[in-house]
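An overview of the molecular structure
So you can see what is in the structure, the chains are spelled out below.
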Amino acid sequence: MSFKTNCLAAVAGLALLCGTAQAQTLRYANQGELKSLDPYTVNETTTHAHLGHPYEGLIRRGKNLEILPGLAESWTISDDGKTWRFALRKGVKFHGGEDFTADDVVFSADRARAPGSNVQTRVPTGTKVVKIDDHTVEFQLTSPNPILHYQWDTWYILSKTWAEKNNSTAPTPASATTPTFASLNANGTGAFKVESHQPGVKTVFKVNENWWNKSPEHNLKEIVFTPIASDATRVAALLSGEVDVIEPVPIQDIQRVNGTGTVQVLTGPELRTIFLGMDQVRDELVESSVKGKNPFKDIRVRKAFYQAIDIETIKTRVMRGLATPSPLMIAPELFPHTGFTRAKFDATEAKKLLTDAGYPDGFTVGMDCPNDRYVNDGQICQAVVGMLARIGVKVNLNAQPKGQYFAKVLKPGGYNTSFYLLGWTPGTSDSHNVLFDIMGCRDNPASSRGEANVAGYCNKKVDELTDKIIVEADKAKRDAMIKEAFQIAADDFGYIPLHQQALAWGVSKKVKLTQRADNAVHFQYAVKE
Amino acid sequence: MFAFILRRLFQSLIVMLSVALIAFAMFRFVGDPVNQIVSIDTPQAQVAEIRRSLGLDDPFLVQFARYIWNAARLEFGVSYQFRLPVISLLGERAPATLELALMSALFSLVVGIPMGVYTALKRESWLAKVFQAVSLIGISLPTFLIGILLIYLFSVTLGVLPSFGRGEVVRLGSWWTTGLLTVSGLKALVLPSITLGLFQMTLIMRLVRAEMLEVLRADYIKFARARGLKTRAVHFGHALKNTLVPVITIAGLQLGSIIAFAIITETVFQWPGMGQLFLRSVQNVDIPIMAAYLMLISFLFVTINLAVDLLYAAVDPRLRATVGAH
């Protein structure tokens, strides 16, 4: 029976009751599609957020990204920091009726690390996962790791018996030649079950009446998800009331959407940091008028670039106010920015620094930029080109779709760039990831350190601190070391952090929803009138 | 005749092979598919492993030969983004595209022919001028703009028609889905069909108008009038009938382009068809889908052209004669 007929029936006597406790259908549109239901196939925020409805991890992240018990009720860490013991929640059942036990955790750990999995980093290499009893699991690490569980909110636990029964014990690899059962079906322990799934067309989630959490915050009976790639259509669908929630709202439409009165745009800072990088490795830049030397090896040139950029103009004009300028390469939600400020915008000072460095007339340099990856990425780069022109640097901008862009600038393309714009969200929600992946020296080809360090910024002191940070369990000491490392990198002007872009979700006024800074749209907290 | 058919078939095969080769060569410039599969912080060793397992490390010609060999056996591989066989993805979406194309073709004929007749008969009336103006819009405005304008008017402002999707669909048989049997399905078809069919409609309207004007000057129309036939019978029984031959030829040929150019309309209306799948695949560097779609479309055009050629040969004895002389 639909909500309407219920209301009609109740109109005579109980009109007041209707509309409050009714279970609702929520319709949601996102610009990207849900590509696979196998939670180990794609390592990407939107997919993880979708799969967070049918699946759950050992931990959860709350509304403010705080770590909460999930399928594990509690955990203890041994004194040497190498053994983690998790007490699993009892009485939990998978959607298919299977009991959730330690076997499922051990199985999921093996599956996540199997070839073809894209979430291999969730469980560190060499870790032994041992079943102690049906509801206790021990993780035995090779070295202490205080952030072992940080990413486990998106390491979803699968049922061992279900996977074995349906021939899905191996993760669906990128090169699968036949579809696996797990990529088209889901069997988790979460608040919603997958009712139907047409890849790229529509996915329907139904409420799980047997969820272990007996007092869910949401009042939904169903979530209908449709991908709508076209910005204009997505906004129109929200305005016409055909969908209740959309993500994202293009920033040029925010004012118009808010002006309608029936929908509103929730905005907030996102965890992703947008930054500029300058090649500091090559002895001669790939694309520059300066021959025989690399101007970016000179800290004065890097500082000049930094100070030539008018971050406030980028914020107000390009981002229409929806950006938070950042002095650090990490969002303030993940590491506090206290004690850090951006080097002041000062074109005269920048010009002087360039002159001191031996480039009184500036020079020419090529710049690479994606134009369909981050919010207004292409426009940001154009603005940067204009700002650098003021200090005499001529930038040849090459803005292209992400497919080509990433192929050119990342490691497989041989870091083929001189100056570029990139965005980064640490997958672990922790500073170590930033220090290791984008600020670590790339000089050891055998190590994965600095693989995303396209600029090749390198300071051995940062590396030393990074190695201590990964094993330090004392939070105060650890934070002090992180701060020191970030300070060194900031003083080196190794990168030019720009801002954290804003999230923009379009939400019908009938729906109450919590916006999380990691841009994961979770309807466990959604209440619809 | 047999030699003629054989030669045309052979030519068609060459065309399709060339399309495949050009498409395949272009894929080298659309970017790295592996980056779309992995996350930015995926270890590079793992990235290299995925690239190797997809066979992307092999030389261009090896990849191409492997592709043709598989395509010949109707194996188009597995989509990088969905991890599903391309053939089943395209098959699942074909009904949506075909239904939309058919409805647009129908719309363009049902609306275009009367409009063309009217503008030919009442050249000076204000309504004919309005039709002419509309046809100008249909010819000159880009499809995506027409689509967005229609959405804005009928979905957002008036709230009468849906802005995206196919509505409720009914499953017929094992794989065909149709929106023609439900109210929401029919409503969902209106705006995309108009958007997609508008260009064809104006084309047909202008064609019918020009042909009608031509035919109306012909002697047999004068004789028909002289015989004292009713105007209605002259216009529709004699004039219109004779204009329809080229119209049907054009409409038939255009059906291929409607299917091929549904890409934009499908994207604007989030229509779950093959064109939308193709465009998303370009963005996601999903080479197996792109390749299969291009092959499919080239097959469509080759088939239509072949059919037309054969029909002409059957209809026109002169053509047959020259063929025989070769």
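One structure accompanies this document, and this report is about it.

Conventions used here
- Residues numbered from 1 in each chain as written.
- Chains lettered and ligands numbered in written order.
- Predicted model: local features only at pLDDT ≥ 70, side-chain atom pairs only at ≥ 80, totals over all residues.
- Heavy atoms only, no water.
- Axes fitted to C-alpha atoms, helices over the stretch in contact; angles between N-to-C directions.
- Helix = DSSP H or I, 4+ residues; strand = E, 2+ residues; numbered from the N terminus.
- Left-handed = near helix turned anticlockwise from the far one by under 90°.
- Nonpolar A, V, L, I, M, F, W, Y, C, P; charged D, E, K, R; others polar.
- Patch = residues over 30% accessible without salt bridge, like charges linked within 9 Å, V, L, I, M, F, W, Y side chains within 5 Å.
- Areas by Shrake-Rupley, 256 points an atom, 1.4 Å probe, with all protein chains shown as cover.
- Salt bridge = Lys/Arg side-chain N within 4 Å of Asp/Glu carboxyl O.
- Buried < 20%, exposed > 50% of the residue type's maximum accessible area, 1.4 Å probe, protein only.
- Contact = heavy atoms within 4.5 Å.
- Pairing = 2+ DSSP bridges.
- Disulfide = S-S within 2.5 Å.
- Buried area = accessible area lost by both parts, 1.4 Å probe.
- Polar contact = N/O pair within 3.5 Å; in protein donor to acceptor, adjacent residues only side chain to side chain.

Structural notes on the packing of helix H5 (residues 86-121) of chain B against helix H8 (residues 183-216) of chain B
Residue and element names in this part refer to chain B. Packing of H5 against H8 brings their axes to within 5 Å, and their N-to-C directions diverge by 35°. Taken as a pair, H5 and H8 cross one another with a handedness that is right-handed. Its residues assigned to classes, the contact of H5 with H8 shows 23 nonpolar, 8 polar and 2 charged.

Observations regarding a nonpolar patch on the surface
All names here are of chain B. Side chains of Phe144, Leu145, Leu149 and Ile264 sit close together on the surface and give an oily, nonpolar patch of about 340 Å² of accessible area. Secondary-structure assignment places phenylalanine 144 in helix H7 (residues 143-157). Exposure remark for phenylalanine 144: the relative accessible area of 43% places this residue in the partly exposed category.

Notes on the environment of threonine 189 of chain A
All names here are of chain A. Assignment of secondary structure puts threonine 189 in the loop between helix H5 (181-184) and strand E8 (192-198). Along the primary structure threonine 189 and glutamine 500 are separated by 311 residues, whereas in three dimensions their C-alpha atoms are 34 Å apart. Apart from the residues lying within four places of it in its own chain, the contact partners of threonine 189 are Pro54, Glu56, Leu71, Val92, Lys93, Phe94, His95, Asn208, Trp211 and Trp212.

Comments concerning the sheet that holds strand E5 (residues 83-88) of chain A
Residues and elements named next belong to chain A. Taken in spatial order, the 4 strands make up an open sheet running E4-E5-E7-E6, and their pairing is antiparallel. Where the open sheet ends on each side, the last strands, each with one partner, are strand E4 (72-77) and strand E6 (128-133). Ignoring which end each strand starts from, the neighbouring axes of this sheet average 20° apart. In this structure, E5 lies alongside strand E7 (residues 136-140), joined through 5 bridges in antiparallel fashion. Residue threonine 83 lies in a different strand from E7, and its bridge partner there is glutamine 140.

Brief notes about the state of the cysteines
With the rule as written, the count across this model stands at 2 disulfides over all chains. Taken in N- to C-terminal order, the disulfide-linked cysteines of chain A are connected 1-2, 3-4.

What to know about the interface of chain A and chain B
With 53 residues of chain A at the contact, the number on the chain B side is 47 residues. Both faces considered, chain A and chain B share a buried interface measuring about 4,000 Å² in area, 58% of it formed by carbon and sulfur atoms. For the pair chain A and chain B, the interface holds 1 salt bridge. Across the pair glutamate 33 of chain A and arginine 280 of chain B runs a salt bridge, and its minimum N-O distance is 3.2 Å. Taken together, the connections running from chain A to chain B amount to 8 residue pairs in polar contact (both at pLDDT 80 or more). Among the residues making up the side of chain A that touches chain B, the classes are represented as 23 nonpolar, 22 polar and 8 charged.

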